Amino acid sequence: MNGTTARFPRQPVLFCDFDGTITLNDNIIAVMKHFNPSGWDAIVQDIIADAKSVKQGVGEMFALLPSSMQHEVKDYILTNAGIRPGFAELLAWCKANEVPFYVTSGGIDFFVHPLLEPFGIPADHIYCNGSDFSGDRIRITWPHDCDEHCDNRGRCGMCKTAVIRGFPADRYYRILIGDSVTDFPGAKIVDLVFSRSHLTDKCQELGLPHLPFETFHDVIHHLEQGGLRS
């Protein structure tokens, strides 16, 4: 490790949420609000109440939209998502300090990859859900489902904890950046959380080590100072 990352007890590695974290909007919710297919809001309420898993709910919401809307939905997201300030600078910091950076997203490939393309993140560092437009309705696929160690037992869709566990805790100082329900399980097993919104509330409730942030410039500042030591 270099002088900056040597402030951490082990090699730092970052796992960053996409919707509402890298982007300014939660893109799935924004799509549903904009196109307003009948029944989507009830599905969201079921997810919030834990009556449905994120995997089930996201799959059901996209199934409300015809596959013929693929380009319309994609264009809407690319136009309206917005990237949180400081993201490019955080990637540059990670590169300069040899800190691995992974995107762990509950979002869908057909908009995650186009939005991230300008930033040059290697494809194998981006984990997200897949999509299938071959049928009448949009079908979500799950190439990164839960492993046998996940407490959610196949409910995640894109299992962030499975990705995190690929980096052993005795070798890596694992840092999660996120904002909402899909980040809760990962927050419980990492060394440090950079949190926004509902994730901050959850970290406070559970007493998890966290630092609230608004922009990625805040994240860079704390990383420069050694995380919680700042």
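Treat the numbers as computed from the prediction; the structure is a model and nothing was measured.

Rules and cut-offs
- Residues numbered from 1 in each chain as written.
- Predicted model: local features only at pLDDT ≥ 70, side-chain atom pairs only at ≥ 80, totals over all residues.
- Heavy atoms only, no water.
- Pairing = 2+ DSSP bridges.
- Helix = DSSP H or I, 4+ residues; strand = E, 2+ residues; numbered from the N terminus.
- Axes fitted to C-alpha atoms, helices over the stretch in contact; angles between N-to-C directions.
- Salt bridge = Lys/Arg side-chain N within 4 Å of Asp/Glu carboxyl O.
- Buried < 20%, exposed > 50% of the residue type's maximum accessible area, 1.4 Å probe, protein only.
- Core = buried A, V, L, I, M, F, W, Y, C linked by side-chain atoms within 4.5 Å.
- Domains from an automatic or database assignment.
- Contact = heavy atoms within 4.5 Å.

Q: In this structure, what is going on with the sheet that holds strand β2 (residues 101-108)? I would like to understand it.
A: Sheet strands pair via backbone hydrogen bonds, and the direction of the pair is either parallel or antiparallel. Sheet architecture is open: 7 strands sit in the order β4-β3-β2-β1-β5-β6-β7, paired in mixed fashion. Strands at the two margins of the open sheet, each flanked by one partner only, are β4 (139-141) and β7 (210-212). Sheet twist, expressed as the average angle between the axes of neighbouring strands with direction ignored, equals 20 degrees.

Q: Can you walk me through the pattern of salt bridges in this structure?
A: Where charged atoms of side chains with opposite charge meet at close range, the side chains can pair. With the rule as written, the count across this model stands at 10 salt bridges. A salt bridge links K160 to D17; the nearest nitrogen and oxygen atoms lie 2.9 Å apart. Linking K160 in helix α7 (residues 160-165) with D17 in the loop between β1 (11-16) and α1 (27-35), this pair joins segments that are 143 residues apart in sequence. Owing to a relative accessible area of 3%, D17 belongs among the buried residues under this scheme. Of the charged contacts in the structure, one is a salt bridge between K160 and D183, with a shortest N-O distance of 2.7 Å. Within this pair, whereas K160 is found in helix α7, its partner D183 is found in the loop between β5 (172-178) and α8 (184-187), the two being separated by 23 residues in sequence. Note on D183: relative accessible area 0%, which makes it buried.

Q: What is the right way to look at the nonpolar core in this model?
A: A general feature of soluble globular proteins is that nonpolar side chains tend to end up buried together. If you look at the biggest cluster of nonpolar residues, it comprises 54 residues, and the most contacted ones within it are F62, L90 and F101. Two domains each put at least three residues into this core: domain 1 (11-24 + 83-224) and domain 2 (29-80). The contacts of F101, once residues within four sequence positions are left out, are L14, C16, F87, L90, L91, C94, I121 and H125. Grouped together as the second largest cluster of nonpolar side chains are 16 residues, Y102, A187, L199 and L208 included.

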